Amino acid sequence: MDELDSAILRELQADARLTNRELAARLGLAPSSCLVRTRALRERGVLTGFHGQVDLAKIGRSVQALIAFTVRPLSRDVIRGFQTFALQQPEVIAVFVLGGSDDFLVHVAVPTISDMHAMLVDRFSKRREVVGFRTSIVYEHVRQLSIDPAPAD
């Protein structure tokens, strides 16, 4: 990763809809050179996809929460099974497998608190491996839109 690759990443993270020609102009590159570098970033797995950002409130999912789950027994099969189950739930945005006192952190978005309660009681708490969970309501969610590579040693 050199400074030009980092600049390509910054620009595409800010606006993934840029055409190659627009990206090249912003970076002062020939379009052909820009295309070669962008393709190389994809081929190396640095750029893994391009996504649309959605306003959750505008699609009827204004209540967000982070739910920490403890599961037992801890085994690869149990972890994989719970992760698969969680990702199949329409309310789930992301699943994190953790080390420490909690085994999973699940980010969800639902229309109402009642929907959250129903999801937890009717589906998650019925899972045999779930021994406990804690729910934290998200009041505000902001994220870094551009992430630079770590500095080289």
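Everything numeric in this text was worked out from a predicted model, so none of it was measured. (Residues numbered from 1 in each chain as written. Predicted model: local features only at pLDDT ≥ 70, side-chain atom pairs only at ≥ 80, totals over all residues. Heavy atoms only, no water.)

Our focus in this paragraph is the layout of surface pockets. Volume-wise, the largest pocket comes out at about 1100 Å³. The wall of the largest pocket is formed by 29 residues, among which H51, G52, Q53, R143 and L145 lie closest to the centre. The biggest single contributor to the lining of the largest pocket is helix α1 (residues 3-14), with four residues. Here the residues of the lining of the largest pocket sort into 15 nonpolar, eleven polar and three charged. (1 Å grid on protein atoms, 1.4 Å probe; cavity = no way out; pocket = protein on both sides within 12 Å on 5 of 7 lines; lining within 4 Å. Points joined across faces, edges and corners; volume = space filled by probe spheres on them. Helix = DSSP H or I, 4+ residues; strand = E, 2+ residues; numbered from the N terminus. Nonpolar A, V, L, I, M, F, W, Y, C, P; charged D, E, K, R; others polar.)

Here helix α5 (residues 113-124) contains twelve residues, and its C-alpha end-to-end distance of 15 Å stays within 8% of the 16 Å for a straight helix at 1.5 Å per residue. By the burial criterion, the buried members of α5 are M116, M119, L120 and F124. Each buried residue of α5 sits inside an arc of 90° when the element is viewed along its axis, so together they form one side. Facing away from the buried surface of α5 by more than 90 degrees, the exposed residues are S114 and H117. (Expected span 1.5 Å × (residues − 1). Buried < 20%, exposed > 50% of the residue type's maximum accessible area, 1.4 Å probe, protein only. Arc of directions from axis to C-beta.)

With that settled, the discussion passes to the sheet that holds strand β1 (residues 63-71). One open sheet holds the four strands; their spatial order is β2-β3-β1-β4, and the pairing between them is antiparallel. At either end of the open sheet lies a strand with only one pairing partner, and these are β2 (92-97) and β4 (130-138). Across the sheet, the mean angle from the axis of one strand to that of its neighbour is 20°, orientation sign disregarded. As defined by bridge partners, β2 adjoins strand β3 (residues 104-110) across five bridges and the pair is classed as antiparallel. Counted as the bridge partner of A94 is H107 from β3. This element, helix α4 (residues 76-88), spans β1, β2, β3 and β4 of the sheet and lies at about 165° to β2. Contacting β1, β2, β3 and β4, α5 crosses the sheet at an angle of about 20° to β1. (Pairing = 2+ DSSP bridges. Axes fitted to C-alpha atoms, helices over the stretch in contact; angles between N-to-C directions. Contact = heavy atoms within 4.5 Å.)

All right, on to the side chain of T38 then. Tracing the chain through its elements places T38 in helix α3 (residues 31-43). Once residues lying within four places of it in the same chain are set aside, the contact partners of T38 are I8, L12, L23 and L47.

Turning our eyes to something else, we now look at the packing of helix α2 (residues 20-27) against α3. Packing of α2 against α3 leaves a shortest axis separation of 9 Å and a crossing angle of 105°. Looking at the two axes, α2 sits roughly perpendicular to α3. Between α2 and α3, the residues in contact are N20, R21, L23 and A24 and P31, C34, L35 and T38, respectively. Residue classes in the contact of α2 with α3 are distributed as five nonpolar, two polar and one charged. (Parallel < 35°, antiparallel > 145°, perpendicular 65-115°, else oblique.)

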